[in-house]
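Here are the chains, one letter per residue:
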Amino acid sequence: GAVVSQHPSRVICKSGTSVKIECRSLDFQATTMFWYRQFPKQSLMLMATSNEGSKATYEQGVEKDKFLINHASLTLSTLTVTSAHPEDSSFYICSAREHGIRHNEQFFGPGTRLTVL
Amino acid sequence: GESVGLHLPTLSVQEGDNSIINCAYSNSASDYFIWYKQESGKGPQFIIDIRSNMDKRQGQRVTVLLNKTVKHLSLQIAATQPGDSAVYFCAERYSGGGADGLTFGKGTHLIIQP
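Residues numbered from 1 in each chain as written. Chains lettered and ligands numbered in written order. Predicted model: local features only at pLDDT ≥ 70, side-chain atom pairs only at ≥ 80, totals over all residues. Heavy atoms only, no water.

Asks: So what's going on with the overall build of chain A? Residues and values would help.
Replies: The helix and strand inventory of chain A stands at zero helices and eleven strands. Reading the secondary structure of chain A in the N-to-C direction produces β-β-β-β-β-β-β-β-β-β-β. Relative to a compact globule of 117 residues, whose C-alpha radius of gyration would be 13 Å, chain A shows 13 Å and is just as compact. Per-residue burial over chain A gives 50% buried out of 117 residues. In chain A, the proportion of contacts linking residues at least 24 apart, taken out of those at least 6 apart, comes to 55%. (Helix = DSSP H or I, 4+ residues; strand = E, 2+ residues; numbered from the N terminus. Rg over C-alpha atoms; globule rule 2.2 N^0.38 Å. Buried < 20%, exposed > 50% of the residue type's maximum accessible area, 1.4 Å probe, protein only. Contact = heavy atoms within 4.5 Å.)

Structural data, given as structure tokens:
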């Protein structure tokens, strides 16, 4: 149980285009999902917290107009990188926490490798 | 802001030996700590967690120790196996701040030598 999927696993796009990444909890409902970014040989950095039915909460320094987050259901959150540039190339990872269970662990997705040419 | 750090970026051990990976955290208000394993090109995999009201917790071949006095966290892996080769991250969370996102440490690359 507690499986989180991401789609796509890899994406290559041209500079200036937008890319949407999906994060799904497959066997549980997730009120809250989190989006992280990881550059090569570095740690994960929290970008934003996605709450079902409400606006996402962004970490300091993360542009909300560039990284659009939508959490339309208890099993799906999407991250859209708008007008992507080469510096946005990174490994994007989502995680989800099961609805109604406080202090529960977060389950991570397999990540999405974004390459912007 | 506050961050979680690690002492050793790379740790090389012989297969069968025990490994100890260390982590220093700076937010004394953090009340939940987790160790993750990340293999190349994959998402983090939960290993073990510990709450701030405990100082030790054991799992299968793994033990996490928490020393709140010096704000130190360690992960002990017994009888390391080739499959243990990965990058290990500690992460912390302060549940009372309203935000539940995790703060990750820098990571330690564990290399198992045959």
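There is more to say after this.
Asks: Can you lay out the layout of surface pockets for me, pointing to particular residues and giving the numbers?
Replies: Its volume calculated, the second largest pocket comes out at about 530 Å³. In terms of lining, the second largest pocket is formed by 20 residues, of which the most central are Gln38 and Lys41 of chain A together with Gln38, Ser40 and Val87 of chain B. Among the secondary structure elements, those contributing two or more residues to the lining of the second largest pocket are β9 (86-93) and β11 (108-113) of chain B. The element contributing the most residues to the lining of the second largest pocket is β9 of chain B, with three residues. (1 Å grid on protein atoms, 1.4 Å probe; cavity = no way out; pocket = protein on both sides within 12 Å on 5 of 7 lines; lining within 4 Å. Points joined across faces, edges and corners; volume = space filled by probe spheres on them.)

Asks: Explain the environment of lysine 66 of chain A to me, and be specific about the residues and the numbers.
Replies: All names here are of chain A. Along the chain, the position of lysine 66 falls in the loop between β6 (57-58) and β7 (67-73). Given a relative accessible area of 13%, lysine 66 falls into the buried group. On a C-alpha basis, the gap between lysine 66 and alanine 84 in space is 8.3 Å, while along the polypeptide they are 18 residues apart. For lysine 66, the residues in contact, after removing those within four places along its chain, are Thr80, Val81, Thr82, Ser83, Ala84, His85 and Asp88. Side chain to side chain, lysine 66 and aspartate 88 meet in a polar contact 2.9 Å long. (Polar contact = N/O pair within 3.5 Å; in protein donor to acceptor, adjacent residues only side chain to side chain.)

Asks: I'd like to hear about the sheet that holds strand β3 (residues 19-25) of chain A, residue by residue, with values.
Replies: Residues and elements named next belong to chain A. One open sheet holds the four strands; their spatial order is β1-β3-β8-β7, and the pairing between them is antiparallel. Across the chains shown, the open sheet's two edge strands, defined by having one partner strand only, are β1 (4-7) and β7. Strand-to-strand twist of the sheet, defined as the mean angle between neighbouring strand axes without regard to direction, takes the value 15°. Note: β3 against strand β8 (residues 76-81), six bridges, orientation antiparallel. Note on β8: the bridge partner recorded for cysteine 23 is serine 77. (Pairing = 2+ DSSP bridges. Axes fitted to C-alpha atoms, helices over the stretch in contact; angles between N-to-C directions.)

Asks: Can you break down the nonpolar core residue by residue, with the values?
Replies: Counting residues in each nonpolar core, the largest one holds 25 residues, and the members touching the most others are Val4, Trp35, Phe67, Leu79, Tyr92 and Leu114 of chain A. Looking at this core, the elements that each hand over two or more residues are β2 (10-13), β3, β4 (32-38), β5 (44-51), β7, β8, β9 (90-97) and β11 (112-116) of chain A. Ignoring anything within four residues of it in the chain, the contact list for tyrosine 92 of chain A reads Gln6, Ile21, Tyr36, Arg37, Met47, Phe67, Leu79, Gly111, Thr112 and Leu114 of chain A. Of all hydrophobic cores here, the second largest spans 20 residues; its members include Val62, Val64, Ala86 and Tyr88 of chain B. (Core = buried A, V, L, I, M, F, W, Y, C linked by side-chain atoms within 4.5 Å.)

Asks: Give me the interface of chain B and chain A: which residues, what numbers.
Replies: Of the residues lining the interface, 18 residues belong to chain B; the matching set on chain A comes to 18 residues. Here chain B and chain A share an interface that buries about 1,500 Å² over both sides, 49% of which is from carbon and sulfur atoms. Broken down residue by residue, the surface that chain B buries against chain A is led by Pro44, Asp100 and Phe104 of chain B, which jointly contribute 28%. Remark: the boundary between chain B and chain A carries zero salt bridges. Counting across the interface, chain B meets chain A through four residue pairs in polar contact (both at pLDDT 80 or more). Sort the elements by how many residues they give to the side of chain B that touches chain A and strand β4 (residues 32-38) of chain B lands first, with three residues. Class assignment of the residues belonging to the side of chain B that touches chain A gives a composition of seven nonpolar, six polar and five charged. (Buried area = accessible area lost by both parts, 1.4 Å probe. Salt bridge = Lys/Arg side-chain N within 4 Å of Asp/Glu carboxyl O. Nonpolar A, V, L, I, M, F, W, Y, C, P; charged D, E, K, R; others polar.)

Asks: Run through the pattern of salt bridges, naming residues and quoting values.
Replies: In total, this model carries six salt bridges over all chains according to the counting rule given. Linking glutamate 22 of chain A and arginine 24 of chain A is a salt bridge whose minimum nitrogen-to-oxygen distance equals 3.5 Å. A relative accessible area of 23% means that glutamate 22 of chain A is categorised as partly exposed. In this structure, a network of salt bridges that share partners links the residues Lys37, Glu39 and Lys42 of chain B.

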